[in-house]
Structure formats: structure tokens, C-alpha cells
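# Architecture at a glance
One-letter residues, chain by chain:
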Amino acid sequence: MILADKIIKLRKQFGWSQEALAERMNVSRQSVSKWESANSIPDLNKIIMLSEIFGVSTDYLLLDEIEETEALVGDNEPGLALMTLDDAAYYMNCKRENLRYLVKGVLLAVFSVVPLFILLALAEDKILDITTSTAAVIGLVSLLLIISLGVSLLIRTSQFTDIFERFEKNEFELAYGVRSIYKERLEAYKRTYFGRMSISITLFITSCVPLIITAFMSGSAMLLLLMIVVMMLMIGIGIALLLPASTIYNAYNCILGEGDYSSRNRKQLRKAEKLALFYWPLVTAVYIGWSLWTMAWGITWIIWPVAAIAYAAVLGLMGLFEKVE
């Protein structure tokens, strides 16, 4: 691979335009264009600048026979793995690919109860010529089918487990240039992250408002069930906004070793993941069991905000005990 092709490859990996690279190199865009078209060759000082900016060795840039990136390695701590620019890009691509299955699987699980509530509402108001029991049976069958589809999508996320554990469970050292690039990308992403976070939290908090208003204004069981559907839709929209935004934001933090992925917080994060593995399935089982036993769907939804507050409290206690230790 010649120098021109390597400059193009590295520039695209960093997500830069020719103008962006030219600005960093203190040259014109036309100069970068000539380098990439092999119409001219950067002088030695520019080669050194390219090496420093891209975090690769000058040998990699100058020697055509070297095809694989040779990262400039600083004084990394013994025993720590090294994350190169290629590793970071691969990790981010896997995160985005994983989101395709994760978001769809979670939304199917959340919306799985919607057909049940709609059928119960229609049966309750005699719009459908079926009994409430028949509507419940049909709704539960559809619920199980939708959940099974959602679970199949969630299972597909396991193909990325080894990749994520490699970076998220262990500490590592960043190759030269990686931190500056991903720090810049994180800062650029923060506006999107906090915007979606605020919208999602607003949807979560206000999702029960239609149900509460209907409960006070009307005693209609049909309207109450339909407002539960509205509540679930609002929660689903909030999840669809929050999950991708928080995943990408946390992925940047993982690469940089900041936020939840700092050395101290990694331990707490692993404990939170272990807690979530049995906590939320247990809450779901209690919710479905309680709802089917009492058929009081207009009341049993309260378990979700209570469970969320309890979960946050448990995590807070875990963090407090860790500090005391």
C-alpha cells in the first residue's frame, strides 16, 4: 500500500474530511488532495506531523510493504493491553451493530402487552363480541409470541459478548493519538446525548399522567386500559431514544476510561450488571403474575416506578458500602 492510500485510509478512520486534515497540518486542502492522489509527496516534516496526528509510525507511512498499522506506543503500563485506533473503531462498530438487535428486542418486550390491553379494552366495552377471559387468552398468546421474537433478537446480541468483555471488563492503555480523537468525538456527541436523555426522562416521568387523569376523570375500564397502552408507548419511545444514546456515550467513555469505566467505577458497574440479571426478570415475573391473578391491570403498573426507585436505591447502597470498605 502506497503512502497516498495510507493517508486516505487513516483520514477516513478518523472521520476527517480533507479540509479537516489540512487544518491540522497547516496546509491547504489542495495539498492534501495532491498527497492522496499521489501527485505530490509530503516533505519529511509533514511525514512526521502525519505520524503524530494519526498515531502511527513513520515506517508504516513510508514503507509500502508494511500493510498493518504500527501504532506509536508510549510508556504503557506492563501487563495492560493496548487499544489502537483500529481496535477503537472496531469496538464502536460492534456497539452500533449490537444496538440493532438490542433496541428491537427491548421494544418488543415492552410492547408485548399492548395487544393484551387493547383486546381487554375492546372486550370490556363490548366492541368485540368476546368475553374478557377469551380476550385475555388471545392477548397472552400474542404476548408470548412477541416476547419470544424479542428474546430471539436479544440472544443475537451474545455474539458480541467476547468483544465487549475484552474492553469493558479489563483496563487497557490507549495507543498514541486515540485519546485526542475520541475525546473530540465524545465532546461533539454530548449535545445529542443530553438532549435525548432529557426527552427520555420527561417521557418516563409523564408516561403515567394520562392514566392518572383518566382514573380521576372517568371510571371507564376501557379508557383505563387504553391509557395503559399510551403509557407503554411513551415508555417505548423513551427507551428508543435513551438506549442508543447512552450506549454510544458509554462506549466513548469506555475507550477513554472515564465515567462508569474509570478504574473505580468498573467494579461497581460489574456488580450492577449482576444485580440486573436477576432483579428485572424477577420484577417482570411478579408484575405478570400479580396482574393475571387480580386482573387489575389499571393498578399493577405501579410496580414499575416502584421497582425503578428500589433498583436505584440498592445501587446507591452498594456504592456506599464499597466506599466504607
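The notes below deal with the structure included here.

### Notes on the nonpolar core
Core analysis: the largest hydrophobic core is formed by 81 residues, its most contacted members being Phe54, Tyr182 and Ile255. For this core, the element with the most residues is helix α12 (residues 221-256), which contributes 17 residues.

### With respect to the packing of helix α7 (residues 114-124) against helix α8 (residues 132-156)
Their axes nearest at 8 Å, the elements α7 and α8 cross at an angle of 165 degrees. Compared by their axis directions, α7 and α8 come out roughly antiparallel. Note on packing geometry: the crossing formed by α7 with α8 is right-handed. Contact residues: Pro115, Leu116, Leu119, Leu120, Ala123 and Glu124 in α7; Thr132, Ala135, Ala136, Ile138, Gly139, Leu140, Ser142, Leu143 and Ile146 in α8.

### Details of the packing of aromatic side chains
With the rule as written, the count across this model stands at 7 aromatic pairs. Seen from their ring centres, Phe194 and Tyr249 are 6.1 Å apart, and the 65 degrees between their planes marks the pair as edge-to-face. Taken as a pair, Phe194 in helix α10 (residues 178-206) and Tyr249 in helix α12 lie far apart in primary sequence, 55 residues in all. When its relative accessible area of 13% is taken as the criterion, Tyr249 is described as buried.

Conventions and cut-offs
Along each chain, residues carry numbers from 1 onward, in the same order as the chain's sequence is written. Predicted model: local features are reported for residues with pLDDT of at least 70 only, side-chain atom pairs are reported and counted for 80 or more only, and whole-chain, interface and lining totals are derived from all residues. Computation of side-chain values covers all heavy atoms of the structure but excludes hydrogens and water. Each nonpolar core is a collection of buried residues, namely Ala, Val, Leu, Ile, Met, Phe, Trp, Tyr and Cys, held together in the definition by side-chain atoms within 4.5 Å. Burial status follows relative accessibility: with a 1.4 Å probe on protein chains alone, a residue under 20% of its type maximum counts as buried, one over 50% as exposed, and anything between as partly exposed. In DSSP terms, a helix is any run of H or I states spanning at least four residues, a strand is any run of E spanning at least two, and both are numbered starting from the N terminus. Axis geometry follows a simple rule: fit a line to the C-alpha atoms, using only the stretch in contact for helices, then measure angles between N-to-C directions, giving values from 0 to 180 degrees. By definition in this entry, angles of less than 35 degrees are roughly parallel, angles greater than 145 are roughly antiparallel, angles of 65 to 115 are roughly perpendicular, and the rest are oblique. By the definition used in this description, the sense in which the near helix is turned from the far one sets the handedness, with an anticlockwise turn below a right angle giving left-handed and a clockwise turn giving right-handed. Here, two residues are considered to be in contact whenever any of their heavy atoms come within 4.5 Å of each other. Any pair of Phe, Tyr and Trp rings, taking the six-membered ring for Trp, is counted once the centres come within 6.5 Å. Such a pair is stacked with planes under 30 degrees apart, edge-to-face with planes over 60 apart, and tilted for the rest.

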